[in-house]
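# Summary of the model geometry
Chain residues, written in single-letter form:
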Amino acid sequence: MQAERWILAGLLTAFGMLAALAAVALWPHAPSAVAAQFFPAAFLERSAAYSRGAYLSFALRTAVQLGLLAWIAFSGLAERWGERALRLCGGRPVLAAVLFAVGLALLLSLVDAPFAYWRGFYWEHRFGLSTQPAAAWWADQAKGWAIGAALQAVVFAALFFLIVRLPHAWWVPASALLAAGLWLLTLLSPVVIDPLFYRFRPLPPSPLKTTLLDMASRAGVPARDVWVADASRRTQRVNAYVTGSGPTRRIVLYDTLLQKYDDAQVELVVAHEIGHLAEAHIAKGVALGAAGGVLGLWLLARFLRGLWERGILSPLPHPAAVAWILLLSSLGTLSTMPLQNAISRQFERQADAISFRLAPHPEAAVSLERRLALSNLADVDPQPYVEWLLFTHPPQLERLLAAEAAARRAGGAKSK
Ligand SMILES: [Zn+2]
């Protein structure tokens, strides 16, 4: 089959997936009896309303972005804009590709802006999750767009540099470069990107901090420090995460977690993050991303060649390829999302299991999972399709039941 037909088939599949998400989100979904046993009906109703908006907005935004890219690529606009970029850059293809890529990134951001505002500002405020004033929210958005455009410029500069020099085998060094880039981004984002959005301070010395560092060394992942992010300036949400690699590796807690949760619960949250470190989930994620990158770039090279042979795309290194590359990578991201999320959920289950063994008070896990769900208005018991497509973590009800089973086992072990 011809390249453009494969791409059209991919687009139809993607729109089908998104339409199915919208349909599932709108379909009335009564909470299960188990969910009703742990959560008040008013909460389940509220979280269902909040989640419905989130899912619909995801479906719509993704469809609009894909549709716009497809239109630019298939209508011939990409060829014309690429030609203009080449003229503006005095015929230098690498520079023209960077110009086209940054322009396209800004156009896509601009089109997405109203959706981003609705989802990120209006909807979060309506449900009392966001504490951020509008001006600060827009400043965050602008920073995000600038970072995205800058990354896009770097990626396309490197890609077209290789395409010019190795017209047939560019995807091989590009794969190596992508792996290096992923690793560099992981290494640097805690010290370069995260501080653009949050201020971090070390957790002051306390018995809690001693317990946290002690858990890390018992798990074989000694941590020098635990960091606190001033997330309360933005959100009521509660969160913690591990980030970085080697010298930049760190455990970060939202200050909202420390303000609202008791020590036994914070210990469990950090034990979960230590679980990620003990299982080297960040490194595994980078390795999987790099492996996916090799496959993706090989496929990309084949598609671009196919489009050129069919006379749809000017021969590389024509900058029109930028639009096709963005379209194909968006399709790749969406179609592999279920797999990526399944792997992520498996990592989260492993980290949970470690946290039950590591934390001094595993029995607090049930109340913790319940509170986390309440704080974050979690869709505790989503429809299977939504979980399959979008959930990076197991649903909160599943985590709560796992916590309950672990607490029962721990109790049983003690009474023996
Ligand atoms: Zn986790």
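Residues numbered from 1 in each chain as written. Predicted model: local features only at pLDDT ≥ 70, side-chain atom pairs only at ≥ 80, totals over all residues. Heavy atoms only, no water.

## Description of the nonpolar core
Selection rule: Put simply, buried Ala, Val, Leu, Ile, Met, Phe, Trp, Tyr and Cys residues joined by side-chain atoms within 4.5 Å make one nonpolar core. Each residue is placed in one exposure class: buried if its accessible area under a 1.4 Å probe, protein chains only, is under 20% of its type's maximum, exposed if it is over 50%, and partly exposed if it falls in between. Numbering goes from the N terminus for both helices and strands, where a helix is a DSSP run of H or I of at least four residues and a strand is a run of E of at least two. Residue contacts follow a heavy-atom distance rule, with two residues in contact if any of their heavy atoms lie within 4.5 Å.
If you look at the biggest cluster of nonpolar residues, it comprises 54 residues, and the most contacted ones within it are L159, F160, W170, V322 and L327. Of all the secondary-structure elements, those providing two or more residues to this core are α1 (3-26), α3 (41-74), α4 (77-88), α5 (93-126), α6 (134-165), α11 (281-309), α12 (321-358) and α14 (384-390). When residues in this core are grouped by element, the largest group, 11 residues, is from α12. Residues contacting L159, with those up to four places away along its chain left out, are W170, A174, L297 and I325. Ranked by size, the runner-up nonpolar core spans 33 residues in total, among them L208, I251, A271 and L277.

## Re the coordination of the zinc ion
Using the following cut-off: As a rule, N, O and S atoms within 2.8 Å of a metal are its donors, except that Na, K and Ca use 3.2 Å; water is not among the atoms, so sites may look incomplete.
The coordination sphere of the zinc ion, as far as protein atoms go, consists of H272 (NE2), H276 (NE2) and E348 (OE), spread over 2.0 to 2.1 Å. All donor residues of the zinc ion come from one chain, and their arrangement in sequence is H-x3-H-x71-E. In this pair, H272 sits in helix α10 (residues 263-278) while E348 sits in helix α12, placing the two residues 76 residues apart along the sequence. E348 shares its class with H272; the two are buried.

## A short note on the side chain of Q396
By the element assignment, Q396 lies in helix α15 (residues 396-415). The residues contacting Q396, other than those within four sequence positions of it, are E369, L372, A373, A378 and V380.

## Digging into the side chain of R250
The condition that has to hold: Counted as positive: Lys and Arg. Counted as negative: Asp and Glu. His and the chain ends are not counted at all. For this document, the term salt bridge refers to a Lys or Arg side-chain nitrogen within 4 Å of an Asp or Glu carboxyl oxygen.
Looking at the element boundaries, R250 is found in strand β4 (residues 250-254). D194 provides the closest opposite charge to the buried, unpaired R250, separated from it by 7.1 Å. Beyond its immediate sequence surroundings of up to four residues, R250 is in contact with P190, V191, W227, Y241, V242 and T243.

## Here's the deal with the environment of E79
What counts, and what does not: Contacts described as polar in this section are N or O atom pairs within 3.5 Å, which, within protein, must combine one atom able to donate a hydrogen with one able to accept it, while residues neighboring in sequence count only if both atoms come from side chains.
Checked against the element boundaries, E79 lands in helix α4. Look at E79 and you get buried, because its relative accessible area is 19%. Separated by 77 residues in sequence, E79 and Q2 have C-alpha atoms that sit 19 Å apart. When neighbours within four sequence positions are excluded, E79 is seen to be in contact with I312, L313, S314, H318 and A320. Among the polar contacts made by the side chain of E79, one reaches the side chain of S314 at a distance of 2.6 Å.

## What about unusual backbone geometry?
Excluding glycine, a negative phi dihedral is what most residues carry, and trans is how most peptide bonds are arranged. Across the junction of L316 and P317, the peptide omega takes the value 10°, indicating a cis bond. By secondary structure assignment, the location of P317 is in the loop between α11 and α12. For A280, which is not glycine, the phi torsion reads 55° and is therefore positive. Residue classification places A280 among the partly exposed residues on the basis of a relative accessible area of 35%. Positioned with a positive phi, L377 is a non-glycine residue whose angle comes to about 50°. Its location among the elements puts L377 in the loop between α13 (365-375) and α14. With a relative accessible area of 6%, L377 lands in the buried category.

## Quick word on the sheet that holds strand β1 (residues 200-202)
For the record, the criterion: Strands qualify as paired when DSSP identifies two bridges or more between them. Every axis corresponds to a line fitted to the C-alpha atoms, with the helix fit spanning only the stretch in contact, and the corresponding angles, defined between N-to-C directions, vary from 0 to 180 degrees.
The strand order across the open sheet built from 4 strands is β1-β2-β4-β3, with neighbouring strands paired in mixed fashion. In this open sheet, the two edge strands, each paired with only one partner strand, are β1 and β3 (240-243). Taking each pair of neighbouring strands and ignoring which way they run, the sheet shows an average axis angle of 30°. Here β3 runs beside β4; their pairing, made up of 4 bridges, is antiparallel. Residue Y241 lies in a different strand from β4, and its bridge partner there is V252.

## A look at the packing of aromatic side chains
Counted only if it meets this: Aromatic pairing here means that ring centres of Phe, Tyr or Trp (its six-membered ring) are within 6.5 Å. Orientation follows from the plane angle: under 30 degrees is stacked, over 60 is edge-to-face, and everything else is tilted. Think of it as a cone above the ring: NZ of Lys or CZ of Arg counts as a charge over the ring if it is within 6 Å of the ring centre and within 35 degrees of the ring normal.
Tallying each qualifying case throughout the model produces 18 aromatic pairs. With 6.0 Å between their ring centres and 45° between their planes, W118 and Y122 make a pair best called tilted. Residue W118 and its partner Y122 are both found in helix α5; the two are separated by 4 residues, about one turn of the helix. The exposure class assigned to W118 is partly exposed, which follows from its relative accessible area of 32%. Clustering of aromatic rings is evident, with ring pairs tying together Y50, W118, Y122, W123 and F127. We note R234 situated over the ring of Y198; from NZ or CZ to the ring centre the distance is 4.8 Å. Over the face of the ring belonging to W227 we find R250, whose NZ or CZ atom lies 4.9 Å from the ring centre.

## Focus on the packing of α11 against α12
As a reminder of what qualifies: Between 65 and 115 degrees an angle is taken as roughly perpendicular, under 35 as roughly parallel, over 145 as roughly antiparallel, and anywhere else as oblique. Crossings are assigned a handedness: left-handed for a near helix turned anticlockwise from the far helix by less than a right angle, right-handed for a clockwise turn. Residues are grouped as follows: Ala, Val, Leu, Ile, Met, Phe, Trp, Tyr, Cys and Pro are nonpolar; Asp, Glu, Lys and Arg are charged; every other residue, Gly included, is polar.
Closest axis-to-axis distance for the α11/α12 pair is 10 Å, and the angle between their directions is 155°. The pairing of α11 with α12 is recorded here as roughly antiparallel in orientation. Note on packing geometry: the crossing formed by α11 with α12 is right-handed. The residues of α12 that touch α11, namely those facing H281, K284, G285, L288, L300, F303, L304 and L307, are A321, W324, I325, L328, I343, F347, Q350 and A351. The residue makeup of the contact of α11 with α12, split by class, is 12 nonpolar, 3 polar and 1 charged.

## Side note on the pattern of salt bridges
Two side chains that carry opposite charge are able to pair once their charged atoms sit near each other. Here the structure, examined in full by the defined rule, presents 16 salt bridges. We note a salt bridge from D112 to R61, for which the minimum N-O separation is 2.8 Å. Separated by 51 residues along the polypeptide, D112 in helix α5 and R61 in helix α3 bring together distant segments of the chain. Note on D112: relative accessible area 12%, which makes it buried. Given the relative accessible area of 24%, R61 is considered partly exposed. Between D225 and K209 there is a salt bridge; the shortest N-O distance is 2.8 Å. Linking D225 in the loop between α8 (207-218) and β2 (226-229) with K209 in helix α8, this pair joins segments that are 16 residues apart in sequence. Via salt bridges that share partners, R119, E124 and R237 belong to a single interconnected network.

By themselves these figures say nothing about function.
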